[in-house]
Amino acid sequence: MKKVSVLINAKDTIGKINSEIYGHFSEHLGRCIYDGIFVGEDSDIPNIKGIRKDIIEAFRNIKLPVLRWPGGCFAEDYHWKDGIGPKTQRKKIVNTNWGGVVEDNSFGTHEFMELCSLVGCKPYINLNLGAGTVVEMAEWIEYITSDADSPMANLRRKNGQDEPWKLEYIGIGNENWGCGGNMRPEYYADLYRQYQTFCKNYSGNKLYKIACGPNSSDYNWMEVMMKRLDPNVVNGIDLHYYTMPYFPNKDSATKFDDKQYYDTIEAAYFADELITKHTEIMNRYDPENKIGLIIGEWGCWHEVEPGTNPAFLYQQNTMRNALVAAIELNIFNNHSKRVVMANLAQTVNVLQSIILTEGERLVKTPTYHVFDLYKEHQDATAVYCFVEDVRAGLDKPVKMISGSASVKDGAMTITLSNCSLTEDAEIECDISYFNFKNASAKILTNDARAYNDFDTPDRVNIRDYHINKAGDNLSFILPPCSVISIQLN
Ligand code: AHR
């Protein structure tokens, strides 16, 4: 048992936690869209216009705020006109990025917008800069957002959608340092400037333009973006960081030893250093915080499950992944002055999914439950949360407890995680400048290797948890491998 003190000062605010920090990502990859979110209208699985009802409900339950689509690398090969009009006439293409499977384009712009509307989330469309033309990009924006009597708006009407949709978030390219064209940052920045010029604001719609950001610790990429782009042409920069301590090698999602566990936790904590250093670069060029930092892809990348298609990136999801999610989301909350959005990769059946499906069966992963525990942070004000640096682990001990806190509508949410595999933490939490009468908590805790599968979908689940309150102090035991969410009001 280790004693850990936590100090929260509600007067000391960090910034607004944009709900978009709790965003997600869905690519045409493996079974994320097809045989995942989208089963088609003729499926026996209950659906609305081909979209699984149980997935819509699960997304709504965690207040999923924004969804990025159609990729990823797929976005840089995607030609949006292939995915509109009568389905029988849509072009079949080969998904060259992800296994060479046939993409029949039955899920396109209309289906994605329908999904967002059913979930009640904002769409974030990643446009094709790598292999698409300026005209193609400009026309897609016109098709989606224009109310004019113009060629693309009329094409949308012909395809059954009279009213334009609202579209705020657009990504202008994806990983252009890699699958999006293997470009130098200087070259990409110039192309970005050109392409974004033709992404117009139609009919009262206001675009939020996102440039491809660095691969992890490529600080030079960030430096070049900030030097060559300014708030007149860019609103956000999209950093990608996967938790992969043995890159390019990967470990199993479920069969890992204690060292691999702690190495993964250490890699999750690295996001703090990464965001701090990228923020320092952004602060030099943009001290007024006009350009947001977006973590457009994050999460654990493990080996695929045995017997599954290696190109489909299907992996199980344990309490280890829940701890990673809890640590990362606390980091994002604590950096919410600069971090305005984050998108976990990926929602369903791919990488660190929140949902796994098999036929009509559906499993909510431990990572899903972390998003459920953290949902009250959305649109709240992050406040200062000091967590004593007590260590856990083996040869390179890591910070045992991660935490963040926020205030919204007179209530405070505190989220903490204990990554130790063996030790309880005896938490003493002092709250300053916040009046509250009631304290309640919910916890997610289990063995680090525990996961939910189709036969035992609730092995890892949230339950109520008792904490002691004495005046402005809270005290409780945080068990090994756990994530807690506390509500004060
Ligand atoms: O999320 C899987 C892939 O990882 C994405 O397509 C790409 O952007 C990243 O490299």
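Residues numbered from 1 in each chain as written. Predicted model: local features only at pLDDT ≥ 70, side-chain atom pairs only at ≥ 80, totals over all residues. Heavy atoms only, no water.

When you look at the pairing of strand β16 (residues 381–387) in this model, what are you seeing that I'm missing?
As a general feature of sheets, a regular strand has side chains that alternate between the two faces. Inspection of the sheet shows strand β1 (residues 2–16) paired to β16 by seven bridges, in the antiparallel sense. For Lys16, the partnering residue across the bridge sits in β16 and is Thr381. Judged from the three bridges that link them, β16 and strand β19 (residues 401–408) form a sheet pairing that is antiparallel. Paired with Val383 across the strands is Ala405, a residue of β19. (Pairing = 2+ DSSP bridges. Helix = DSSP H or I, 4+ residues; strand = E, 2+ residues; numbered from the N terminus.)

Can you help me understand the site of the ligand in this one?
For the ligand, the set of nearby residues contains 13 residues, the closest of which are Glu27, Cys73, Glu175, Tyr242 and Glu297. Between Glu27 and the ligand, the recorded distance is 2.7 Å, taken from a side-chain N or O atom to an oxygen atom. Separating an oxygen atom of the ligand from a side-chain N or O atom of Tyr242 is a distance of 2.8 Å. Out of a free accessible area of 280 Å², the ligand has 93% covered by protein chains. (Near = heavy atom within 4 Å. Polar contact = N/O pair within 3.5 Å; in protein donor to acceptor, adjacent residues only side chain to side chain. Areas by Shrake-Rupley, 256 points an atom, 1.4 Å probe, with all protein chains shown as cover.)

Help me understand the layout of surface pockets in this model?
It is the rolling of a water-molecule-sized probe over the atoms that shows where space remains empty. In this structure, the largest pocket spans a volume of roughly 500 Å³. Lining the largest pocket we find 26 residues, and of these Asn215, Tyr242, Met244, Phe247 and Trp301 sit closest to its centre. Listing elements by their share of the lining of the largest pocket, those giving two or more residues are β11 (236–243) and α7 (258–285). Element by element, the count of residues in the lining of the largest pocket is highest for β11, at three residues. Split by residue class, the lining of the largest pocket holds 16 nonpolar, six polar and four charged. Each pocket or cavity is described by its volume, and for the second largest pocket that value is around 390 Å³. Residue lining of the second largest pocket: 20 residues in total, with Tyr269, Asp272, Ile331, Asn334 and Lys399 positioned closest to the centre. Those elements that provide at least two residues to the lining of the second largest pocket are α7, α8 (319–334), β16, β18 (398–399) and β19. (1 Å grid on protein atoms, 1.4 Å probe; cavity = no way out; pocket = protein on both sides within 12 Å on 5 of 7 lines; lining within 4 Å. Points joined across faces, edges and corners; volume = space filled by probe spheres on them. Nonpolar A, V, L, I, M, F, W, Y, C, P; charged D, E, K, R; others polar.)

What am I meant to see in the state of the cysteines here?
Disulfide: a covalent bond formed between the sulfur atoms of two cysteine residues. Across all of its chains, the model carries one disulfide by this definition. With no disulfide of its own, Cys385 lies closest to Cys429 among cysteine sulfurs, the gap being 6.9 Å. Left unpaired, Cys481 is separated from the closest cysteine sulfur, that of Cys419, by 8.5 Å. Residue Cys481 is classed as buried on the basis of its relative accessible area, which comes to 3%. (Disulfide = S-S within 2.5 Å. Buried < 20%, exposed > 50% of the residue type's maximum accessible area, 1.4 Å probe, protein only.)

Before we go on, may I ask you to explain a nonpolar patch on the surface in this structure?
Judged by side-chain polarity, Leu7, Tyr384 and Phe386 come together as a nonpolar surface patch covering roughly 260 Å² of accessible area. When its relative accessible area of 38% is taken as the criterion, Leu7 is described as partly exposed. (Patch = residues over 30% accessible without salt bridge, like charges linked within 9 Å, V, L, I, M, F, W, Y side chains within 5 Å. Salt bridge = Lys/Arg side-chain N within 4 Å of Asp/Glu carboxyl O.)

Honestly, the confidence of the model for the protein in this entry has me stumped. Any pointers?
Per-residue pLDDT for the protein has a mean of 98; in total, 100% of the residues score no lower than 70. Listed scores for the predicted complex are pTM 0.97 and ipTM 0.99. (pLDDT = per-residue confidence, 0-100.)

Please explain the pattern of salt bridges as it appears in this structure.
Side-chain pairing between opposite charges can occur once the charged atoms of the two side chains come close. Counted under the stated rule, the structure contains 31 salt bridges. Residue Asp190 pairs with Arg228 through a salt bridge whose shortest N-O separation is 3.9 Å. Within this pair, whereas Asp190 is found in helix α5 (residues 185–197), its partner Arg228 is found in helix α6 (residues 219–228), the two being separated by 38 residues in sequence. Judged by relative accessible area, which is 45%, Asp190 ranks as partly exposed. Note that Arg449 is salt-bridged to Asp258, the shortest N-O span being 2.7 Å.

How do you make sense of the packing of aromatic side chains when you look at a structure like this?
The geometry of an aromatic ring pair is captured by the separation of the ring centres together with the interplanar angle, meaning the angle of the planes. Overall, the coordinates contain 22 aromatic pairs when judged by the stated rule. Relative to Phe436, the ring of Phe434 lies with its centre 6.2 Å away and its plane at 25°, an arrangement referred to as stacked. We classify Phe434 as buried; its relative accessible area is 10%. Three or more aromatic residues joined by ring pairs form one cluster here, namely Tyr34, Phe38, Trp69, Phe74, Tyr78, Trp80, Phe107, Phe112, Trp140 and Tyr143. The ring of Tyr433 has Lys11 lying over it, and the distance from NZ or CZ to the ring centre is 4.2 Å. Seen from the ring of Tyr451, Arg459 lies directly overhead, with NZ or CZ sitting 5.7 Å from the centre. (Phe/Tyr/Trp six-rings, centres within 6.5 Å; stacked < 30°, edge-to-face > 60°. Lys NZ or Arg CZ within 6 Å of the ring centre and 35° of its normal.)

Please explain the UniProt feature "domain: Alpha-L-arabinofuranosidase C-terminal" (unreviewed entry) in the protein as it appears in this structure.
What UniProt calls "domain: Alpha-L-arabinofuranosidase C-terminal" (unreviewed entry) maps, in this numbering, to residues 296–482. Across residues 296–482, the secondary structure splits into 13% helix and 41% strand, with the terminal C-alpha atoms separated by 26 Å. (UniProt positions renumbered as here; feature names shortened; annotations may be inferred.)

Help me out: how do you make sense of unusual backbone geometry in this one?
The phi angle of most residues is negative, glycine excepted, and most peptide bonds adopt the trans form. Across the junction of Trp69 and Pro70, the peptide omega takes the value 5°, indicating a cis bond. By the element assignment, Pro70 lies in the loop between β5 (66–69) and β6 (93–95). For the peptide bond that leads from Ala345 to Gln346, omega is -10°, which places it in the cis range. Relative to the helices and strands, Gln346 resides in the loop between β13 (339–345) and β14 (355–358). Located in the positive-phi region is Tyr433, a residue other than glycine, with phi close to 60°. The topology assignment puts Tyr433 in the loop between β21 (425–432) and β22 (439–445).

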